[in-house]
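Overview (structure and organization)
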Amino acid sequence: MNENIKIAWRNVWRNKRRTIITASSIFFAVFFAVVLRSFQLGSYDHWTKNVIRAYTGYAQVQHIDFWDDRSIENTFDYSDELHEKIQNNEEIESLVPRLEGFALGSTGDQTKGIFLIGTDASKENQVTKLADKLVRYRFTEKNIQQLLVQDLFSDALKEKIQEQKGHAYATFERIALHLEIEEADYDAYKETLEKATKYEGTYLQANDDGVLVASALAAFLQIGVGDTIVLLGQGYQGVTAAGKYPVRGLLHFPSPDLNARMVYTNLQTAQTFFSCKNRISSIALNVENTDDVSLSKTVEELSNSIQDEEITVKSWQDLNKEMVQQIQADNSGGILMLSVLYLIIGFGIFGTVLMMSTERKREFGVMVAVGMQKYKLNIILMYEMFFISSLGIIAGILGSIPIILYGYYNPIRLTGEMAAGMEAYGIEAVMPMMWFDTYILNQAIVVFALVIVSIVMPAIKIAQMNVIKAIRG
Amino acid sequence: MKVIEVKNLHKTYDEGEVKVEAVRGIDLTFEQGEFAAIVGPSGSGKTTFLNMLGGLDTPTKGEIDIDGVKVHNMKGSALIDFRMKNIGFVFQAYNLIPVLSAKENVEFIMRLQKMTKIERDTRAEELLKAVGLGDRMNSRPSKLSGGQQQRVAVARALASKPKFILADEPTANLDSKSTETLLDIMEKLNKEENITFIFSTHDARVVKKARRIITVEDGKIISDERKS
Ligand SMILES: Nc1ncnc2c1ncn2[C@@H]1O[C@H](COP(=O)(O)OP(=O)(O)O)[C@@H](O)[C@H]1O
Ligand SMILES: [Mg+2]
């Protein structure tokens, strides 16, 4: 073994207590930082992916005024040429043309403002997994009564079931969440609940002239699968728009706002309704490389290739400015907190390096007197700090692994107001942790940087050391 | 053969208000194989003189010539290298690197000189046996007595095959028995291996063993006697 490494290693264990204290402080800092970052970055990732998946896609091609005014006038011609230009970009994985506009939905007595989205149903499903929102379970007065007579449910659970009146769900997991049924008890209730609440809807087929209606809207209008909805509105350039459409299925949106007004049709159906053949308001895009740098490059490339004053290309960040700002603010808060933590740890490291060099002045003096170059003392000191900090870093990272693994696979489920708030944004109310990524390495880099900064002053002292004085002690 | 030639050596400490003339014009030569003691009262300039001789301190004036090399002109890392290759040191105390065993301490300087492992091994063992520590080779300094530590220091000083060994009051912290053992070892090495030893002391028993006694007072040599 290298002599300097050997000396350094033994010195590390010369004062075990100090080494362990220093390594422990680094351990706590790294552990805390990794766990905190994993939570933060995991949440951001979750929020953004949800928003991207729920509606916007990674980027959108839009009419230039559409984002501020979602009028049917702010649409553009979806030419083959435009389609080609977008499709030809290698980064584009899938694209969904949409025509969007306001209308009134009516079923005899009840009328309500709705937001109509005409889309390519199968492509829409590729990008936003719309079919997953199809209502498969519904709690009506009738099937609630049917459930309440069962002995299977406790009184508390029956109370919760009663509260479900009018609610619709796309998955059993969400029913369980709202009824507060533990995962372990799924098997006990699943069959009974599913059987009683089962709701048969179908997703839009190609060339389907039907509609999918958001579940709260459907409840308000008192319609369901097999019924017909009448849509009324103003079409392109002031033409009156009117049509009658069969309901194929209901959609459940976590966001109450969306759940109260969304209606989906095939693109052609909407184009016919609004009398704007071949026009669309936006194209949602999914890209190959989703990182910020690649995405902004793709957005720029698309803008350059489309070259149309009427059309703009926006990334999901542009489309969700408020969320991006919130994330940035939250993120700088987290980083500030860690900076303070690392500052404190840095002073600890500095203190240790200083002690390790000053208390060995005599020894250093003898080593230089008999012929060791001074820079080698710094190398030894560097190795010593490398060992101590690595010990802390490795322990910190190892310690955080089980927590990250657990938090990744079993994200914390939020409840109460916080959960409601997130769901209102269309975000599933969970806090998953971030999978292992560079943020972990960054903590190690920060600690090593602190070590290097801490070693500067002792290094200067060694360079200026007077051998005779050092030996005299 | 002349090993060291010192001409008109001066050292003045000029730190703060008082000027201290620690060495005031020393002229001396040392021959290969000498066993010389520098004696004199405390504060007479022994340590200052030996430090300059060993290239640990720079003279204010004068010349030190070691085997043709003008040491008084050397500085920095070149001087450190010169010490490593040419001079053996034994200090008053705390000579050894605490985390290294006796053998590793002896090897330390040979590593600096980039000797091969086999060479280091055999030489370190040989030298530790010569100073009577063949059975303590793997002990750390903290497990050795003061006298044993000084013997390891002598072995280390010898390990680098220096032109001479400087020892500033090597027995100052030792009891009389350890002092005698250390001196006997140094004397034996001097006689059998022709190693040049220059040491300072104010211990009469140590002075007795020396074959040349240089007496210093107020930074000047007042006598230089050789015994046959
Ligand atoms: N670094 C220094 N600064 C100022 N004065 C010093 C220094 N080192 C030694 N001296 C002075 O130089 C004189 C000689 O000291 P020294 O060489 O240590 O004598 P000795 O070793 O014979 O006891 C003393 O008066 C001492 O106080
Ligand atoms: Mg002295």
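Everything numeric in this text was worked out from a predicted model, so none of it was measured.

Observations regarding the overall build of chain B
Of regular secondary structure, chain B possesses seven helices and ten strands. Relative to the 2.2 N^0.38 estimate, which gives 17 Å for 228 residues, the radius of gyration of chain B is 17 Å and therefore close to what a compact globule would have. For chain B, the spread of C-alpha atoms along the three principal axes comes to 50 × 40 × 40 Å. Looking at chain B as a whole, 56% of its 228 residues are labelled buried. Summarising the internal contacts of chain B: among those between residues at least 6 apart in sequence, 69% fall at separations of at least 24. Element-wise, carbon and sulfur atoms account for 47% of the exposed surface of chain B, whose accessible area totals about 10200 Å². With 36 positive and 33 negative side-chain charges, chain B shows a spacing of 4 Å between the two charge centroids.

Structural notes on the site of ligand 1
Of all residues adjacent to ligand 1, which total 13 residues, the nearest are Gly 43, Gly 45, Lys 46, Thr 47 and Thr 48 of chain B. This site is not confined to one chain, since residues near ligand 1 come from chains A and B. Separating an oxygen atom of ligand 1 from a backbone N or O atom of Gly 43 of chain B is a distance of 2.7 Å. Thr 48 of chain B is positioned such that a nitrogen or oxygen atom in its side chain is 2.5 Å from an oxygen atom of ligand 1.

Some details on empty space enclosed by the protein
Residues and elements named next belong to chain B. Overall, the coordinates contain two cavities of 30 Å³ or more when judged by the stated rule. When its volume is computed, the largest cavity comes out at roughly 60 Å³. Taken together, the elements giving at least two residues each to the lining of the largest cavity come down to α1 (46-53), β6 (87-90) and β7 (164-168). The class makeup of the residues in the lining of the largest cavity is seven nonpolar, one polar and one charged. Residue lining of the second largest cavity: Met 52, Gly 55, Asp 57, Thr 58, Pro 59, Ile 64, Val 71, His 72, Met 74 and Leu 79, and that is the complete set.

Observations regarding the domain arrangement of chain A
Residues and elements named next belong to chain A. In terms of domains, chain A is made up of domain 1 (2-51 + 323-472) and domain 2 (56-319). Here domain 1 and domain 2 have C-alpha centroids that lie 47 Å from each other. Facing ten residues of domain 1, the contacting portion of domain 2 comprises ten residues. The contact between domain 1 and domain 2 buries some 760 Å² in all, and 61% of this surface belongs to carbon and sulfur atoms.

Quick notes on the pattern of salt bridges
Tallied over the full model, the rule gives 32 salt bridges over all chains. The residue Arg 248 of chain A makes a salt bridge to Asp 208 of chain A at a minimum N-O spacing of 2.8 Å. Of this pair, Arg 248 of chain A sits in strand β9 (residues 240-251) while Asp 208 of chain A sits in the loop between α8 (186-197) and β7 (211-214), placing them 40 residues apart in sequence. With a relative accessible area of 9%, Asp 208 of chain A lands in the buried category. Beyond isolated ion pairs, a larger network of salt bridges with shared partners links Glu 3, Lys 6 and Arg 10 of chain A together with Glu 104 and Arg 111 of chain B.

A look at the interface of chain A and chain B
How big an interface is tends to be expressed through the accessible area that disappears when the partners come together. Chain A puts 23 residues into the contact, and the matching count from chain B is 25 residues. Surface buried jointly by chain A and chain B totals about 2200 Å² across both partners, of which 64% is contributed by carbon and sulfur atoms. Counting across the chain A and chain B interface gives three salt bridges. Mapped onto the side of chain A that touches chain B, the elements with two or more residues apiece are α1 (3-12), α15 (361-369), α16 (374-409) and α19 (467-472) of chain A.

Regarding unusual backbone geometry
Residues and elements named next belong to chain B. Phi is positive for Asn 8, which is not a glycine, with a value near 45°. For Asn 8, the location among the structural elements is in strand β1 (residues 2-13). The partly exposed category is assigned to Asn 8, whose relative accessible area is 34%. Non-glycine residue Lys 161 carries a positive phi angle of around 50°. Among the secondary structure elements, Lys 161 is positioned in the loop between α5 (146-159) and β7.

Regarding the sheet that holds β6 of chain B
Residue and element names in this part refer to chain B. On the basis of which strands lie adjacent, the open sheet formed by six strands has the order β6-β7-β8-β3-β9-β10 and mixed pairing. Strands with a single pairing partner mark the edges of an open sheet, and in this sheet they are β6 and β10 (220-226). With strand direction ignored, the average angle separating the axes of adjacent strands in the sheet is 20°. Pairing analysis gives four bridges linking β6 to β7, with the strands arranged parallel. By the bridge assignment, Gly 88 is partnered in β7 with Ile 165. Strands β6, β7 and β8 (197-201) of the sheet are contacted by α5, whose axis makes an angle of about 175° with β6.

Thoughts on the layout of surface pockets
Residue and element names in this part refer to chain A. As a volume, the second largest pocket reaches approximately 730 Å³. Around the second largest pocket, the lining comprises 22 residues; the ones closest to its centre are Ala 176, Leu 177, Arg 413, Leu 414 and Thr 415. Listing elements by their share of the lining of the second largest pocket, those giving two or more residues are α7 (172-179) and α17 (416-424). No other element matches α7, which puts five residues into the lining of the second largest pocket. Counted by class, the lining of the second largest pocket contains eleven nonpolar, four polar and seven charged residues. Among the domains, domain 1 (2-51 + 323-472) and domain 2 (56-319) are the pair contributing at least three residues each to the lining of the second largest pocket.

Procedures and definitions
Residues numbered from 1 in each chain as written. Chains lettered and ligands numbered in written order. Predicted model: local features only at pLDDT ≥ 70, side-chain atom pairs only at ≥ 80, totals over all residues. Heavy atoms only, no water. Helix = DSSP H or I, 4+ residues; strand = E, 2+ residues; numbered from the N terminus. Rg over C-alpha atoms; globule rule 2.2 N^0.38 Å. Buried < 20%, exposed > 50% of the residue type's maximum accessible area, 1.4 Å probe, protein only. Contact = heavy atoms within 4.5 Å. Areas by Shrake-Rupley, 256 points an atom, 1.4 Å probe, with all protein chains shown as cover. Lys, Arg positive; Asp, Glu negative; His and termini not counted. Charge placed at Lys NZ, Arg CZ, Asp CG, Glu CD. Near = heavy atom within 4 Å. Polar contact = N/O pair within 3.5 Å; in protein donor to acceptor, adjacent residues only side chain to side chain. 1 Å grid on protein atoms, 1.4 Å probe; cavity = no way out; pocket = protein on both sides within 12 Å on 5 of 7 lines; lining within 4 Å. Points joined across faces, edges and corners; volume = space filled by probe spheres on them. Nonpolar A, V, L, I, M, F, W, Y, C, P; charged D, E, K, R; others polar. Domains from an automatic or database assignment. Buried area = accessible area lost by both parts, 1.4 Å probe. Salt bridge = Lys/Arg side-chain N within 4 Å of Asp/Glu carboxyl O. Pairing = 2+ DSSP bridges. Axes fitted to C-alpha atoms, helices over the stretch in contact; angles between N-to-C directions.

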